[in-house]
Amino acid sequence: MQKNIAFSSLADLMAGLQNKDYSCVELTQIYLDRIARYDEKAHAYVHVYAEAALLQAKAADLQRLSGLPLPALHGLPIALKDLAEIAGQITTAGSQPWATRTSKVTSSLFDRLQAAGMIILGKTHMVEFALGGWGTNMHMGTPRNPWDWDSCHRVPGGSSSGSGVAVAAGLVPAAIGSDTGGSIRIPAGFNGLTGLKTTQGLISMYGHMPMSPSFDTIGTLTRTAHDAALLTSALVGFDERDSLTHGRASYVIDINPQTSIKGLRVAVMPPSQYPSPITDEIQNATDEAVRTLESLGAHIIDRVQVPWNFAELFQHWSIIAAAEAYQVHADYIEDPALAFDSWVQKRIVKGKEVDANTYLLAMENRRQTIAKFTRWMESFDVLLTPTLPIVACAVKEVDEESSPAVFTRTVNYLDACALSLPAGFSKEGLPIGVQLIAKPWHENLLLRTGRTFQSATDWHLRTPPSLRESS
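Residues numbered from 1 in each chain as written. Predicted model: local features only at pLDDT ≥ 70, side-chain atom pairs only at ≥ 80, totals over all residues. Heavy atoms only, no water.

Draft legend 1. Quick look at the layout of surface pockets. What the largest pocket holds in volume is close to 770 Å³. Contributing to the lining of the largest pocket are 31 residues, with Trp317, Ser318, Arg347, Ser403 and Arg409 lying nearest its centre. Contributions of two or more residues to the lining of the largest pocket are made by α9 (310–329) and α10 (342–349). Here the lining of the largest pocket is built from residues that sort into 13 nonpolar, eleven polar and seven charged. The calculated volume of the second largest pocket comes to roughly 330 Å³. Lining the second largest pocket are 18 residues, with Ser9, Asp12, Thr224, His460 and Leu461 positioned closest to its centre. Broken down by secondary-structure element, the contributors of at least two residues to the lining of the second largest pocket are α1 (10–18), α7 (225–233) and α13 (443–455). Taken together, the residues that form the lining of the second largest pocket break down as four nonpolar, nine polar and five charged. (1 Å grid on protein atoms, 1.4 Å probe; cavity = no way out; pocket = protein on both sides within 12 Å on 5 of 7 lines; lining within 4 Å. Points joined across faces, edges and corners; volume = space filled by probe spheres on them. Helix = DSSP H or I, 4+ residues; strand = E, 2+ residues; numbered from the N terminus. Nonpolar A, V, L, I, M, F, W, Y, C, P; charged D, E, K, R; others polar.)

Draft legend 2. Seen up close, the packing of helix α2 (residues 24–42) against helix α3 (residues 50–65). At their nearest, the axes of α2 and α3 sit 8 Å apart, and the two run at 155° to each other. Put simply, α2 runs roughly antiparallel to α3. Of the two elements, α2 crosses α3, and the hand of that crossing is right-handed. Note on element contacts: α3 touches α2 through Ala50, Ala53, Leu54, Ala57, Lys58, Ala60, Asp61 and Arg64, opposite Cys24, Val25, Thr28, Gln29 and Leu32. (Axes fitted to C-alpha atoms, helices over the stretch in contact; angles between N-to-C directions. Parallel < 35°, antiparallel > 145°, perpendicular 65-115°, else oblique. Left-handed = near helix turned anticlockwise from the far one by under 90°. Contact = heavy atoms within 4.5 Å.)

Draft legend 3. Looking closely at helix α8 (residues 280–295). Helix length check: α8 (16 residues) gives 22 Å between terminal C-alpha atoms against 22 Å at 1.5 Å per residue, within 8%. All of the buried residues along α8 are Ile282, Gln283, Ala285, Thr286, Ala289, Val290, Thr292 and Leu293. Buried residues belonging to α8 abut β7 (265–268), β8 (299–301), β9 (382–386), β10 (417–425), β11 (431–438) and α13. Directly beyond the C-terminal end of α8, a positive phi value near 110° is found at Gly297. (Expected span 1.5 Å × (residues − 1). Buried < 20%, exposed > 50% of the residue type's maximum accessible area, 1.4 Å probe, protein only.)

Draft legend 4. How the structure looks around the packing of aromatic side chains. What the rule picks out here adds up to 17 aromatic pairs. Judged by centre distance (5.9 Å) and plane angle (75°), the ring pair of Trp308 and Trp376 falls under edge-to-face. Note that Trp308 is positioned in the loop between β8 and α9 and Trp376 in helix α11 (residues 356–376), a separation of 68 residues in sequence. Between Tyr332 and Phe340, the aromatic rings sit 6.3 Å apart at their centres with planes inclined by 40°, giving tilted as the arrangement. (Phe/Tyr/Trp six-rings, centres within 6.5 Å; stacked < 30°, edge-to-face > 60°.)

Draft legend 5. Layout of the nonpolar core. Ranked by internal contacts, the top residues of the largest apolar core, which has 142 residues, are Leu113, Leu231 and Trp376. Ranked by residues supplied to this core, first place goes to α9 with ten residues. Those residues within four positions of Leu231 in sequence are excluded, and the remaining contacts are Leu10, Leu73, Ile78, Leu113, Met118, Ala174, Ile176, Thr220 and Thr222. Grouped together as the second largest cluster of nonpolar side chains are nine residues, Trp134, Ile186, Leu388 and Ala392 included. (Core = buried A, V, L, I, M, F, W, Y, C linked by side-chain atoms within 4.5 Å.)

Draft legend 6. The arrangement of the pattern of salt bridges in detail. With the rule as written, the count across this model stands at 15 salt bridges. Residue Glu334 pairs with Lys352 through a salt bridge whose shortest N-O separation is 3.4 Å. Residue Glu334 is located in the loop between α9 and α10, and its partner Lys352 is located in the loop between α10 and α11; the two are separated by 18 residues in the primary sequence. Here the salt bridges do not stand alone but share partners, grouping Asp111, Asp239 and Arg241 into one network. (Salt bridge = Lys/Arg side-chain N within 4 Å of Asp/Glu carboxyl O.)

Draft legend 7. Region of interest: the packing of α9 against α11. Between α9 and α11, the least distance of the axes is 9 Å, while the angle of their chain directions is 130°. One finds that α9 runs oblique with respect to α11. Classified by chirality, the crossing of α11 by α9 is left-handed. For the pair formed by α9 and α11, the contact residues are Glu312, His316, Ile319, Ile320, Ala323 and Glu324 on the first element and Thr358, Tyr359, Ala362, Met363 and Asn365 on the second. Here the residues of the contact of α9 with α11 sort into six nonpolar, three polar and two charged.

See the structure below:
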């Protein structure tokens, strides 16, 4: 076995299987052994399907003996955020009152992962009902960010907290998350991963517990942009059970490892327009990412004023998200007999106060802002921002009245797509990320830019110091 195989990319693991360096069973067992060794501390998984995963891996090895063509991701392990339904299995959506809730349907996502031949290791912890950016969970426990985890319990980012920690800690090579206001990109930024927020309709939401249907999307947490392309390519396409997938059913993710961005027009905001102050280290990392892209052939358009007011945008996002979350959970969220996270409950119940006129005005503002953004982006290919205003803080320092989603929520409101990339480290050794934003249905442009950036940097190759041992 190669050293640190658990931190390999999906692409490298594919090559290892093809070269018969290891079998699907051996590969699966590596990750199950690491889960057994580290997950008590990481708290990434809510359910581990050890027996089922090994049976799937054995079947995958038999299929590989046939000599017939197999899907690219065949035999590779994956983990799912615990809002993806699997009939007959428990889906908690991060809620303790749902600890024994059994799914009656199976998500389209699960079906497509099965069709791709991937091995489902289990489901990961998350913020209750996906309503929180720090990654905390009052009753089911908060996953532990593996960077600096020996000295401090730092936030993992949310709401896809367990998925981010599982990949960063080498407990799975890739994981699925959802993103309503940054819930993939925030864990990616805090954990030093690549996080893809897709356009609504690219990946079916059928069989996923919704938070806010106007903003909800499914995406990936991986080590590299190329891995994100490989995984996303297996998930996209028409689903008769999700009407949002009907508009661009023929959209195909390019998995060609092309790394050219010559002439790419990159817009960069002036710090004076940031929605929140950021640390000097994050600004320095952002500036360095800009210089890297420029050295690779991109055309940088600096200090570009974006055509929206962040405070107004966040207000309208909050109105829509709260109203829709309350509609989803209204039947039980105020039941005093059920132990919900008090902060999550407060966020949901706030939606009860939103009347129809306020909701419709917010939706109209969103429509107008999307149109304005689309016209504005005719002059640019991507907008580059920091992913987060800070590096991962201690859980005990979290202010639940605030959110780290100041740069990420914008993307969901604009119905755009975005990619968070590792771009540096703080003096404490904590990951820093940058975010690339593009118009809807421009995932291929983002992924090509990400591949090119990662061909010239090694931030995505770094692993938490305390976990740098042989597999």
